[in-house]
Amino acid sequence: MMTVLVTGGAGYIGSHTCVELLRAGYKVIILDNFSNSKQEVLHRVQSISGKSFKCYQVDLLDSMEIRRVFVENNINAVIHFAGLKAVGESVEKPLAYYHHNITGTLNLCEAMQTFGVRRLVFSSSATVYGRNTCVPFTEEAPLSATNPYGRSKLMLENILHDVYKAHPQWSIQILRYFNPVGAHESGHIGEDPLGTPNNLVPYVAQVAIGRHPYLNIYGNDYDTPDGTGIRDYVHVVDLAQGHVKALEKSKDDAGINAYNLGTGQGYSVLELISTFERISGRQIPCKIVERRQGDIGESYANVAKAQRELGWTAQKSLEDMCRDTWRWQTQNPNGYQVKKKVAIRH
Ligand code: WQD
């Protein structure tokens, strides 16, 4: 049975990916510093999958602790989610973002090299397409960054290309997520942002349950049909299954590839809101305000390469995303409340 180390495995996308890995028969080891996740998630992943797994509370800035995880486990591959990921926060704290995201990844790759682990699936983001206007974005589109978070992702993609040049036996799959939303159909795991959500869908869900009186719509003067921003929302379970596909791809051949994980279909803010209102039966009061700094008008994926090379296509609709978000939100109005401690290794 193949053992996969999942860094950031207690996070939103990480936990959904662990469920899919366990379902697919992989042995999972979670490494997480719990700076943006709760241990309750581990219990939920265990109860959904019916499988047990080890979890290490480790920070990727502690290279000795990373080594210990590799010493104690026969790791065959790594899926690397762990990192800081809030665009706005990255503008205020660039040093923290570069330190955690870059140094943490370097420590991880050095441990992989030391222990002969050559298969890596790396969590990147559509944000590396910068202020491109030529949608849908293909993987060959020009890359740029407009904030330290996006720049850290772009720098890491370049670093991984250099690692592959030096070690052509590695298999590195770079996955560029568009807009991950939704939750597992059980309603047991979902997005649990710390504080007030920056992203649209969790904020809309919190308006729907009455945690906020209205939603601010950041601009309705974009060059789009209804003037509001268009994004490629992709269900987090589809995204998780895309990681399993990328892992399978890394089994066969060495190489380094980037793949867009999106649906290829863009929806505007107003379309998202009306879908959420229909699914939840709740009104979402809105206020049009000025554009948010750094936002672009349209972002959606050309998904042909992931379909062709990974055999992956998103299956879930915008309605599914809203329905599963709403179920998670109503079942967990205050996010993860600790019910049961799960043994983790310190
Ligand atoms: C979506 C649309 C907003 C909030 C970000 C990161 C990206 C990735 C996903 C990490 C836009 C509008 C939003 C609100 C609004 N994160 N909006 N009111 O900005 O496309 O992507 O999250 O990898 O790197 O950049 O997602 O959900 O913040 O915004 O009107 O309160 O909703 O203007 O058009 P975004 P988002």
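Rules behind the numbers
- Residues numbered from 1 in each chain as written.
- Predicted model: local features only at pLDDT ≥ 70, side-chain atom pairs only at ≥ 80, totals over all residues.
- Heavy atoms only, no water.
- Pairing = 2+ DSSP bridges.
- Helix = DSSP H or I, 4+ residues; strand = E, 2+ residues; numbered from the N terminus.
- Axes fitted to C-alpha atoms, helices over the stretch in contact; angles between N-to-C directions.
- Contact = heavy atoms within 4.5 Å.
- Core = buried A, V, L, I, M, F, W, Y, C linked by side-chain atoms within 4.5 Å.
- Buried < 20%, exposed > 50% of the residue type's maximum accessible area, 1.4 Å probe, protein only.
- pLDDT = per-residue confidence, 0-100.
- Salt bridge = Lys/Arg side-chain N within 4 Å of Asp/Glu carboxyl O.
- Near = heavy atom within 4 Å.
- Polar contact = N/O pair within 3.5 Å; in protein donor to acceptor, adjacent residues only side chain to side chain.
- Areas by Shrake-Rupley, 256 points an atom, 1.4 Å probe, with all protein chains shown as cover.
- Nonpolar A, V, L, I, M, F, W, Y, C, P; charged D, E, K, R; others polar.

**Student:** How should I be thinking about the sheet that holds strand β4 (residues 77-80) in this particular structure?
**Tutor:** Within a sheet, neighbouring strands are paired by backbone hydrogen bonds and run either parallel or antiparallel to one another. Read across the sheet, seven strands follow the order β3-β2-β1-β4-β5-β6-β11 without closing on themselves; strand pairing throughout is parallel. With partners counted over all chains shown, the strands left at the sheet margins are β3 (54-57) and β11 (255-261), one partner each. Looking at each pair of strands side by side, their axes are set apart by 20° on average, direction ignored. Examined bridge by bridge, strand β5 (residues 119-125) and strand β6 (residues 171-177) share seven bridges and lie parallel to one another. Considered in β6, the bridge of valine 121 is made with glutamine 173. Along the sheet, helix α5 (residues 94-114) makes contact with β1 (3-7), β4 and β5, crossing β4 at roughly 175°.

**Student:** For this particular structure, what's the right way to read the nonpolar core?
**Tutor:** Within soluble globular proteins, side chains that are nonpolar tend to cluster in buried spots. Residues Val4, Leu21, Val28 and Leu247 are the most contacted members of the largest nonpolar core, which totals 42 residues. When residues no more than four places from it in sequence are discounted, the contact partners of valine 28 are Val4, Val6, Cys18, Leu21, Leu22, Phe53 and Lys54. Among the nonpolar cores identified, the runner-up in size contains 27 residues, and Ile29, Leu120, Ile172 and Ile174 belong to it.

**Student:** Please explain the confidence of the model for the protein chain as it appears in this structure.
**Tutor:** Close inspection of predicted coordinates is inappropriate in any region flagged by low pLDDT. Summing up the model confidence of the protein chain, the mean pLDDT is 96 and the portion of residues at 70 or higher is 97%. Interface confidence for the predicted complex, given as ipTM, is 0.98, next to a pTM of 0.96.

**Student:** I'm lost on the pattern of salt bridges in this one. Help?
**Tutor:** A side chain with one charge can pair with a side chain of the opposite charge if their charged atoms come near. Under the counting rule described, the total for this entry stands at 15 salt bridges. Here arginine 308 makes a salt bridge to glutamate 309, at a shortest N to O gap of 3.7 Å. A relative accessible area of 59% means that arginine 308 is categorised as exposed. Glutamate 309 gets classed as partly exposed once you look at its relative accessible area, which sits at 30%. A single salt-bridge network, built from bridges that share partners, covers Glu65, Arg68 and Glu72.

**Student:** Help me out: how do you make sense of unusual backbone geometry in this one?
**Tutor:** For residues that are not glycine, phi is negative in most cases, and the peptide bond is trans in most cases. Going from valine 135 to proline 136, the amide bond is cis rather than trans, its omega being -5°. When you line up the elements, proline 136 lands in the loop between β5 and α6 (148-166). Phi is positive for phenylalanine 34, close to 55°, though the residue is something other than glycine. Its place among the elements puts phenylalanine 34 in the loop between β2 (27-32) and α2 (40-49). Residue classification places phenylalanine 34 among the buried residues on the basis of a relative accessible area of 13%.

**Student:** Honestly, the site of the ligand in this entry has me stumped. Any pointers?
**Tutor:** The ligand sits among 19 residues. The nearest are Tyr149, Leu200, Asn216, Arg231 and Asp295. The side chain of asparagine 179 places a nitrogen or oxygen atom 3.0 Å from an oxygen atom of the ligand. Within the backbone of leucine 200, a nitrogen or oxygen atom sits 2.8 Å from an oxygen atom of the ligand. Protein chains bury 88% of the 680 Å² of accessible surface belonging to the ligand in isolation. If you tally residues by element for the shell around the ligand, the top one is strand β8 (residues 215-218), at four residues. Residues of the shell around the ligand, tallied by class, amount to eight nonpolar, seven polar and four charged.

**Student:** When you look at the sheet that holds strand β12 (residues 267-268) in this model, what are you seeing that I'm missing?
**Tutor:** Read from one edge to the other, the open sheet built from three strands follows the order β12-β9-β14, with strand pairing classed as mixed. With one partner strand each, in any of the chains shown, β12 and β14 (298-299) form the two edges of the open sheet. The pairing of strand β9 (residues 230-231) with β12 spans two bridges and is classified as antiparallel. When the bridges of β12 are listed, isoleucine 230 appears paired with serine 268.

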